[in-house]
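Breakdown of the fold
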Amino acid sequence: MVAGQLTTSVAGMCEDLTGKVSDSSRTVVEDVAARLAQPLRVAVAGRLKAGKSTLVNALIGRRVAPTAAGECTRVVTQFRYGPADRIDVIDRTGAKHPVPLDAGGMIPTSLPIPADDAQLIDVQLSSDRLRDLTVVDTPGLQSVNTDISDAARQMLKAPIAEDVDDDSREAVAGAEAIIYVFTQQVRGDDVEALEAFANASQQLSSSPMNSLALYNKVDKLAPGPGQDPWPVAGPIAADQAGVLKRAVCDVVPVVGLLAETAEAGLLTAADCEALRTLAGLDEEKRALMLASADLFTSTDGPVEVGQRRRLLERLDLYGIHFALAHLQTNPHIATGELVRLLFAASGFPRLRTTLHQIFGVRADVIKAGWALSRLDAAAASGPPADRDLLRGAVESVVARPEYHRLPLLEAAAQVTTGRVPLPEQMEAEVARLALTDDANVVLGLEEAPRPQQRRAAIEAAARWRAFANGGATPAQARVANVVHRGFHLLAQRLG
Ligand SMILES: Nc1nc2c(ncn2[C@@H]2O[C@H](COP(=O)(O)OP(=O)(O)O)[C@@H](O)[C@H]2O)c(=O)[nH]1
Ligand SMILES: [Mg+2]
C-alpha cells in the first residue's frame, strides 16, 4: 500500500522513539512500526454460517477458505500477501506447522494439530488483491450450527452474541477495520450484542468510522422463485443502517455466494453449457425444476445430477434463475459476460466502492490513529520514564496542523457512536469534516467557487465556536472546539 502522509510520519516518530525508550516499551513501538508498514488489516466478524469465508474468498479473488464445516473453519485465519503461496498453522506456543494447500488450492480441512491447540492459520498468497489489504477470517461464535432456513429462530438471536471466542475477539481487537456480516434483519437488542463485540476491541478499533456491515445472502429474500430480491433488500439494508448507525458507517446488501463465484473464477465453460441446456427447456419443466433445491436435483431431465449440484453450490437457486433468464434472452452469451452479469447482481460493485472509500481513503487516518492510540496506551501502562517520552511524541504529532484530522476523527467517532450527542445535522457535519478532503462535500456545497467555499468555512468555524461557548455541555464543547479548529484550518487552506 502507498503509505499515506500520517502513517509515514508516525512511522518516523516510532523509529525515533525506539532508541530512547526502555526495552519493555520498545517492543510495543517496534510492533506499531512494523504494523504501520503492513497493509490495512480488516477483520471479518459475524455468526457462524453468515458467509464470512465466502466473502473472504470473494475479496481475495480465490477460493482458498473452506466454506463447508471443517476443523480449520474453527480457527482464526489470516490472509496476507506473500511472494509465494504458503500456509502455517501457529500453535499456542507460537510454533509454526507448515501445511500444503490441498489439491483444490484450498486450506486443507484437517490440520496437522488439533484445532483447539491452534491459535492462528497464517495464509500467505501471491495475490495482488492482498497487497493493499490483510483479511482476517474469524469463526466468531462458539455456538454450533445455526440453520439459515430456520429464520424465525435466528431472528430472535443476536447476529454476534456475547459468546465470542477469545481468538476471534483478539483478531478483531488487532484489526484496524471491521466488517460485520449479518444474514437477517437487525433488531434493537442485536445492536447491544454488536456493541458488546465492538467494546471487546481496543480504543479506536471500532466505531462507525472504521466498521461496515454486510447484509449477506439477500438472494434468500426473493419473494418467490426467480423473483428479484433487490427491491426488498435495499430498504431492509437502509433500515438496518439506521438501527446500526452507532456501530457501523453503512450496511451494504450483498449476495456473497455470487461474488465468490464471479471473483474467484469458479464458473466454468461446462457450467455455462449446462445452464444453456437448462435455458432451452420448455417453460413448464424449467419452472418445476427451479421451484426448490430438491426439485432442481431430483426432477428428470437433461444435465447430470452432479453438474446440477455443482450449479446449486456455485449459484444457488437465485443465481441459476438469474443466469437462465439472461441465457433465454441471449442464448449465445459468453461465459465471461455471464460472470460479469453475476458479479453485478451480487451487490459487490457497491461494496467495492464503499470499501475503497472507507478502507482505502481512510486507511491512512485509521492506521495512524490506531498507532497513536497504541502508543498512548503503552504510555499509560509503561514505566514512568517512557510515559513522558511516548506522550510527548504523540502530542507533538497531534499538535501539528496537518494532523488535526486525528482529533477530528476521534471527535467524529465519539459523536457518531452517540457517546457525545449532537443534533443530527451537526453530527453529519462532523463526520463529513473528519472523513473527506473535498471542501464542497464537507461544506454541503455544489461546485462552489473557492471564495464562496472559504466564506462557508469561516462561517462554519464561527458557528461551532459560538456553540462551544454557549449552551454546549463540556463534552460537546470539547468536540466543538476540535471542529472549530478543523473549519478554521480548512478556511486557511482555501485562502
Ligand atoms: N444462498 C447463498 N448462500 C450463501 C451466500 N453466502 C454464503 N452462502 C453459503 O452459506 C454457507 C456458509 O458460508 P460460510 O462462508 O462458510 O460461512 P461462515 O461460517 O460465516 O464462514 C455456505 O454453504 C455458503 O455457500 C449467499 O450470499 N447466498
Ligand atoms: Mg468460515
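Placed above this text is the structure.
Conventions we followed
- Residues numbered from 1 in each chain as written.
- Chains lettered and ligands numbered in written order.
- Predicted model: local features only at pLDDT ≥ 70, side-chain atom pairs only at ≥ 80, totals over all residues.
- Helix = DSSP H or I, 4+ residues; strand = E, 2+ residues; numbered from the N terminus.
- Buried ≥ 20, exposed ≤ 12 C-beta atoms within 10 Å, placed from the backbone.
- Near = placed C-beta within 6 Å.
- Nonpolar A, V, L, I, M, F, W, Y, C, P; charged D, E, K, R; others polar.
- Axes fitted to C-alpha atoms, helices over the stretch in contact; angles between N-to-C directions.
- Parallel < 35°, antiparallel > 145°, perpendicular 65-115°, else oblique.
- Contact = placed C-beta atoms within 7 Å.
- Pairing = 2+ DSSP bridges.
- Left-handed = near helix turned anticlockwise from the far one by under 90°.

1. Here we look at the overall build of the protein chain
Helices and strands together make up the secondary structure of the protein chain, namely 21 helices and nine strands. When each of the 495 residues of the protein chain is scored for burial, the buried share is 43%.

2. Brief notes about the environment of Pro474
Structurally, the position occupied by Pro474 is in helix α21 (residues 474-494). We classify Pro474 as exposed; it has 7 C-beta atoms within 10 Å. Once the C-alpha coordinates of Pro474 and Val420 are considered, the two residues, 54 residues apart in sequence, prove to be 9.9 Å apart.

3. As for the site of ligand 1
Near ligand 1 lie 17 residues; those nearest to it are Gly51, Lys52, Ser53, Thr54 and Thr67. Elements represented by at least two residues in the shell around ligand 1 include exactly α3 (52-60) and α8 (256-263). Sort the elements by how many residues they give to the shell around ligand 1 and α3 lands first, with three residues. Looking at the shell around ligand 1, its residues break down into four nonpolar, seven polar and six charged.

4. Some details on the packing of helix α1 (residues 5-18) against helix α15 (residues 363-381)
Packed helices, taken two at a time, are described by the angle their axes make and the gap between the axes. The geometry of α1 relative to α15 is characterised by a closest axis approach of 7 Å and an angle of 25° between their N-to-C directions. In terms of orientation, α1 lies roughly parallel with respect to α15. Contacts between α1 and α15 involve Gln5, Leu6, Thr7 and Val10 on the former and, on the latter, Asp364, Val365, Lys367, Ala368, Ala371 and Leu372. In the contact of α1 with α15, the residues fall into six nonpolar, two polar and two charged.

5. With respect to the sheet that holds strand β1 (residues 40-46)
Taking strand neighbours across the sheet as the criterion, the nine strands line up as β4-β3-β5-β2-β6-β1-β7-β8-β9 in an open arrangement whose pairing is mixed. Strand pairing shows two members of the sheet lacking a second neighbour, β4 (96-99) and β9 (251-253), which therefore form its edges. Across this sheet, the average inter-strand angle for adjacent strands is 25°, counted without regard to direction. Bridge count for strand β3 (residues 86-91) against β4 is four bridges, and the pairing is antiparallel.

6. A closer look at the packing of α1 against helix α16 (residues 384-399)
Remark: α1 packs on α16, axes separated minimally by 11 Å, with the N-to-C direction vectors making an angle of 155°. Looking at the two axes, α1 sits roughly antiparallel to α16. In the crossing of α1 with α16, the sense of the turn from one axis to the other is right-handed. Contact with α1, carried on its side by Ser9, Val10, Met13 and Leu17, involves Leu389, Leu390, Ala393 and Val397 of α16 and no other residues of that element. Each residue belonging to the contact of α1 with α16 can be placed in one class, and the counts come to seven nonpolar, one polar and no charged.

7. Overview of the pairing of β3
Examined bridge by bridge, β3 and strand β5 (residues 118-125) share six bridges and lie antiparallel to one another. Bridge assignment links Ile90 to a residue of β5, and that residue is Leu120. Joining the antiparallel neighbours β3 and β4 is a turn of four residues, in which Gly94 adopts a positive phi near 95°.

8. Re unusual backbone geometry
Glycine aside, residues mostly have negative phi, and peptide bonds are mostly found in the trans state. Positive phi is not limited to glycine here, since Asp316 has a value of about 55°. With respect to the helices and strands, Asp316 occurs in helix α12 (residues 305-329). Phi at Glu447 is positive, roughly 45°, even though this residue is not glycine. As for its placement among the helices and strands, Glu447 is situated in the loop between α19 (439-443) and α20 (450-469).

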